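Structure at a glance
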Amino acid sequence: MPPMAQRTPKDVVCAVTGSSPEGISHVSWDAEAGPVSGREGNDTVVSHVVSTDDDPSLNPWTFRSVFIGLGLSAFSSALAEIYYFKPQTLTVSPMFLAIISYVIGEYSSWLNPTFLQASVQQKRERIVIIMASAAANAALATEVLAVQRLYYNVDPNPAASIFLLVYPSKMFYPSVLPLVSMLDTFFRDGTIVATQNSSILDYLHIFVWELFPEWIFPLLTGFSVFCLRRPNNPAVSRLFGGSNGNEGLGVFSICFDWLYISALNPFTVPLKALISALFGYILCIAVFTAVFYGDVWKARNFPFLSQVLFYENGTLYDQSLIMDANYQVDPQLVAEQGLPYYASTWVVYLIATNLALAATIMHLLIWNHGDLRAAWTWLSPASFWRTWNEFDWRFWKYDGRHREVKVTDDLDPHYVQMLKQCHSYPDTPSSWYGLIAVLSLVVAFVFIYKSDSTLPWWGLVIALLLATIFILFVVALYAMTGVPLSIQTFVQMVAGYLHPGKPMANMYFVLYSYNTMNQAQLLLRDLKVAQYVKLPPRAAFVAQIIGTVFGATINFVLMNSIISNRRDTLLSIQGSNVWSGQQVQQYNSQAIVWGGLSSELFSIGSRYHWVPLSYVIGLFLPVPFWLVHRYWPKLRTDFIYTPLICGFVGTLAAGINASALSFLIVGFASQWWLRTRCPHWFRKYNYVVAAALDGGTQVMVFILSFAVFGAAGYAHLFPSWWGANQAGNYDHCMLLQ
C-alpha cells in the first residue's frame with residue numbers, strides 16, 4: 001500500500017516551480033508529522049474499501065469511452081424516467097452502470113485486444129460511469145412538464161423543454177462506496193482480477209430472480225400472513241398491506257424484490273443512520289395509525305394513503321374549477337367549490353419533512369459548526385481581499401495547478417494522493433463553472449417569460465439564492481449519512497407567500513430552487529466518485545456536462561411516451577404495482593395548495609397551520625441530544641440523527657411499503673452484524689455484492705418495462721393466479737380504493 005494510505009500528514013505542501021519540466025518540484029512533509037493511528041468509524045471503512053493506488057499517465061478520453069458513454073447515458077436516462085413513474089421512488093444505480101460498462105468494454109476487446117488490458121481500460125471505465133451517472137436522473141423539469149400535460153392539458157414546446165432540463169474525509173458519501181469498491185475489484189494492481197467472478201455470479205442470480213417478484217410471482221413484492229389470514233378486513237389492509245402503491249403501511253410484511261428494498265441501498269447506509277431510521281419507522285406507524293383512526297383533519301373521509309386533493313366528502317377535487325384562463329386561482333371560484341383537503345397521512349408527511357429540514361440546519365450548526373465555518377470562510381473580508389488582490393482578468397490562462405496546498409488530517413487520503421500528482425490533475429477552472437452558471441441563468445430568464453410560467457424575474461433570483469444556502473446543509477448531511485432530504489415543501493411554502501394565487505409560478509419556483517440543490521448534490525457526489533477513482537477533475541466536469549444535456553433529451557422523449565400510453569393509471573390514486581403517478585400527483589397538489597391557497601390552508605389558525613409551524617419546532621429537536629452528549633457522552637446520543645428520525649416519520653406516506661422492514665433487516669445485518677462479526681468479509685464483499693444486486697436488478701427491470709410493462713405500448717401482465725392477483729392487491733389484502 002502506498003505511504004499516503006498508511007499515514008495521514010499533518011501538513012503537506014505541493015510546491016509548483018517553473019524549473020521542473022512537469023511544473024512540480026516535490027511534495028514535502030512537515031518535519032513533525034509522524035505516523036498516526038488509523039481513522040475510526042466510516043473513515044476506516046473508506047480507507048480499507050477504496051484503494052489509493054493510481055497511474056496518472058492514463059488517458060480517460062478515447063473514441064470508445066465517448067461512444068460507450070453516450071450509449072449508456074441514453075440508456076440510464078431512459079431508465080431514470082421509467083423509475084420516476086414507479087409506485088416507489090427509485091434511482092438508477094451507478095453500480096449497475098459500471099457493470100454494463102465493464103461488460104461492453106470486455107466485448108469491445110474482441111475488436112481491439114489492447115483494450116483488454118486493465119491498466120488501459122480502468123480510466124476509460126471511470127469516465128464512462130461519470131458521464132452515464134450524470135444522465136441517470138429524471139430531471140425535475142419533467143415533473144413540471146408532466147403536470148402540465150396531465151392536469152393542465154398543455155403540451156410544452158419540445159425545444160424549450162430540453163433547454164429547461166438542461167474535500168473532507170467525513171464527507172465520504174456512503175452511497176458511492178459500492179461503485180468504487182466494485183471498480184477496485186474489477187481492476188486491482190493493474191490487472192483484471194479473478195474476484196470479479198463472485199460479483200458476476202451475484203449479478204446473474206439476481207437478474208434471473210427479479211423476473212419472479214416483478215412479473216411472474218408479484219406476491220413476493222410484499223408477503224403478509226395477516227393479509228392472507230384476513231383478506232377482507234380494511235383495517236388489516238391499512239396496517240399490514242403494502243405490495244401495491246398507496247395500499248397500506250406494510251407492517252411485518254416481507255419483501256423479496258430487491259428493486260424496492262434497494263430504493264435506498266441498505267448495504268451502504270451507516271449504522272448511525274439505520275438506528276435513526278428504525279426509530280423514525282416505528283414512530284411513522286404509530287403516528288399514521290393514530291391520526292387516521294383519531295379522525296384528525298377528517299382523516300376517515302379520505303383514503304388512508306394518497307397525494308391528491310379531495311372535497312370534504314372524499315371525492316377528487318377538480319382543480320380546473322378554481323382557476324381562470326391564465327392558470328391563476330380565482331377566490332370567487334374557490335368560495336363556490338370550497339377549500340380542498342389532503343389525506344391526513346400526507347399532512348403528517350409534510351410536517352415530518354419540514355421538521356427534518358429545520359432539524360438538519362440546527363444539527364449541523366451544533367454538531368458540525370467547525371466544518372460549516374470553514375465552508376463559508378470565502379465570504380470573510382480577508383478572503384475577499386486576498387481573492388481580489390490575486391485576481392487575474394486573463395482567467396483563460398489559469399492552468400489549474402496547485403501553487404501551494406496545505407493538507408491537513410481531515411482531508412481524504414485519496415485527495416491527498418491526487419495532490420501528490422498535482423501536475424497530472426489540474427483543477428477545473430472556476431471560470432468553467434462560472435460560464436455554465438451564466439449560460440444557465442440566461443436560458444432560465446428567457447424560458448420563464450417565453451413559456452408563460454407566471455414566475456417573475458425576481459422570483460427566479462430568490463429561488464436560486466435559497467438553493468445556494470441549502471446546498472451546504474442538506475448536501476453535507478447526505479455526504480455523511482447517504483440519506484437524502486428534500487427542501488421541496490419549504491420552497492413551495494416560500495413561493496406560495498411570494499406568488500399567491502399562482503400555482504404555475506409555484507411549480508417553476510420549486511424547479512429552480514429544489515432542482516438546483518438536487519443537481520448540485522448529484523454533481524458533488526459524482527465529483528467524490530472521481531476523487532476516489534483518481535479521475536482528472538476537468539475530465540469529470542466535461543463528462544458531467546455531456547451526460548446531463550444528453551440525458552435531458554432522453555428524459556423528455558420517455559416522459560411523453562409513458563404519459564401517452566399510461567395516462568389513466570398515472571391519474572388514479574393507487575396506480576398499479578408497475579406504474580404510478582404519485583410523484584406527479586403530489587407535485588401538482590402541493591402547487592395548488594401552496595401556490596393558490598397558502599394563506600387559507602396554512603396560516604396561523606387555519607386547518608393545516610402545523611405544517612409551517614413545524615419548521616420552528618424542528619430547530620429545537622437536535623438540541624437535547626447534543627446537550628446530553630456534551631455532559632454525558634457515555635450515553636452515545638451522538639448516534640441519534642434527529643433529521644433522519646423526523647424524515648422517516650413520513651416515509652410510509654406513499655409507494656410500496658412492504659419493503660421497509662426488509663430494508664432495515666438487510667441494513668442491520670450488513671452494517672452491524674457483518675461489520676462487527678466478519679469485518680474481513682465486510683470489507684471485501686459488502687459493497688461488491690451491493691453493486692452486483694443493483695446491477696442485475698436494474699437490467700431486468702429495464703427489459704421488463706419495455707417488454708411486458710407497457711413503457712412503449714401495451715402491457716402484458718402475467719396471467720392471474722394465486723401469486724399474481726391481477727384483480728386486486730398482490731398480497732391479497734382488501735382493495736380499498
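As a reminder, the structure under discussion sits directly above these lines.
First things first, this report covers the structure right here in the doc.

Analysis parameters
- Residues numbered from 1 in each chain as written.
- Predicted model: local features only at pLDDT ≥ 70, side-chain atom pairs only at ≥ 80, totals over all residues.
- Heavy atoms only, no water.
- Phe/Tyr/Trp six-rings, centres within 6.5 Å; stacked < 30°, edge-to-face > 60°.
- Buried < 20%, exposed > 50% of the residue type's maximum accessible area, 1.4 Å probe, protein only.
- Lys NZ or Arg CZ within 6 Å of the ring centre and 35° of its normal.
- Axes fitted to C-alpha atoms, helices over the stretch in contact; angles between N-to-C directions.
- Helix = DSSP H or I, 4+ residues; strand = E, 2+ residues; numbered from the N terminus.
- Parallel < 35°, antiparallel > 145°, perpendicular 65-115°, else oblique.
- Left-handed = near helix turned anticlockwise from the far one by under 90°.
- Contact = heavy atoms within 4.5 Å.
- Nonpolar A, V, L, I, M, F, W, Y, C, P; charged D, E, K, R; others polar.
- Disulfide = S-S within 2.5 Å.
- Patch = residues over 30% accessible without salt bridge, like charges linked within 9 Å, V, L, I, M, F, W, Y side chains within 5 Å.
- Areas by Shrake-Rupley, 256 points an atom, 1.4 Å probe, with all protein chains shown as cover.
- Salt bridge = Lys/Arg side-chain N within 4 Å of Asp/Glu carboxyl O.

1. A word on the packing of aromatic side chains
Evaluation of the coordinates by the stated rule reveals 22 aromatic pairs. The interplanar angle of 25° and the centroid separation of 5.5 Å between the aromatic rings of F302 and F310 together place this pair among those described as stacked. Judged by relative accessible area, F302 falls into the buried class, the value being 4%. Clustering of aromatic rings is evident, with ring pairs tying together W297, Y342, W594, F602 and Y608. Over the ring of F639 we find K272, and its NZ or CZ is 5.3 Å from the ring centre.

2. Regarding the packing of helix 22 (residues 488-498) against helix 23 (residues 503-532)
Across the interface, helix 22 lies against helix 23 with an axial gap of 9 Å and an inter-helix angle of 135°. Classified by the angle between their axes, helix 22 and helix 23 sit oblique to one another. Viewed along their axes, helix 22 and helix 23 form a crossing whose handedness is right-handed. Residue-level contacts link Q488, V491, Q492, V494, A495, G496 and L498 of helix 22 to N506, F509, V510, S513 and Y514 of helix 23. In terms of residue class, the contact of helix 22 with helix 23 is built from seven nonpolar, five polar and no charged.

3. Focus: the environment of P266
Along the chain, P266 turns up in the loop between helix 13 (258-261) and helix 14 (271-293). Sequence separation between P266 and G667 is 401 residues, and the spatial gap between their C-alpha atoms is 4.4 Å. What P266 contacts, discounting residues up to four positions off in sequence, is W258, I261, F663, V666, G667 and Q671.

4. Focus: unusual backbone geometry
Phi at N246 is positive, roughly 55°, even though this residue is not glycine. Mapped onto the elements of the fold, N246 is located in the loop between helix 12 (234-240) and helix 13. On the basis of relative accessibility, which here comes to 2%, the residue N246 falls in the buried class. Positive phi outside glycine occurs at D295, with the angle close to 55°. With respect to the helices and strands, D295 occurs in the loop between helix 14 and helix 15 (331-337).

5. Some points on the state of the cysteines
Tallying each qualifying case throughout the model produces one disulfide. The partner cysteine of C227 in its disulfide is C733, sulfur to sulfur 1.9 Å. Its S-S torsion of about -80° marks the bond between C227 and C733 as left-handed, since a negative value means left-handed. Taken together, the positions of C227 in helix 11 (residues 225-229) and C733 in the segment after helix 30 (679-707) put the pair 506 residues apart, joining distant regions of the chain. Taking the relative accessible area as the measure of exposure, C733 reaches 4% and is therefore buried.

6. Thoughts on the side chain of N657
Assignment of secondary structure puts N657 in the loop between helix 28 (642-649) and helix 29 (659-677). Those residues in contact with N657 that lie beyond four places of it in its chain are G242, G248, L249, G250, L305, T651 and L652.

7. Describing the packing of helix 16 (residues 344-367) against helix 28
Helix 28 packs onto helix 16 with a crossing angle of 170° between their chain directions and a minimal axis gap of 7 Å. Judged on the interaxial angle alone, helix 28 and helix 16 are roughly antiparallel. Residues V348, A352, L355, A356, A359, T360 and H363 of helix 16 form the contact with helix 28, whose own contacting residues are T642, P643, C646, G647 and V649.

8. A short note on the environment of I99
Structurally, I99 is set in helix 4 (residues 94-108). Residue classification places I99 among the buried positions, given a relative accessible area of 7%.

9. Describing a nonpolar patch on the surface
A contiguous nonpolar surface patch, about 590 Å² in accessible area, is contributed by Y449, W457, W458, V461, L465 and L498. If one sorts the elements of the nonpolar patch by residue count, helix 21 (residues 457-481) sits on top with four residues. By the secondary structure assignment, L465 is in helix 21. Residue classification places L465 among the exposed residues on the basis of a relative accessible area of 53%.

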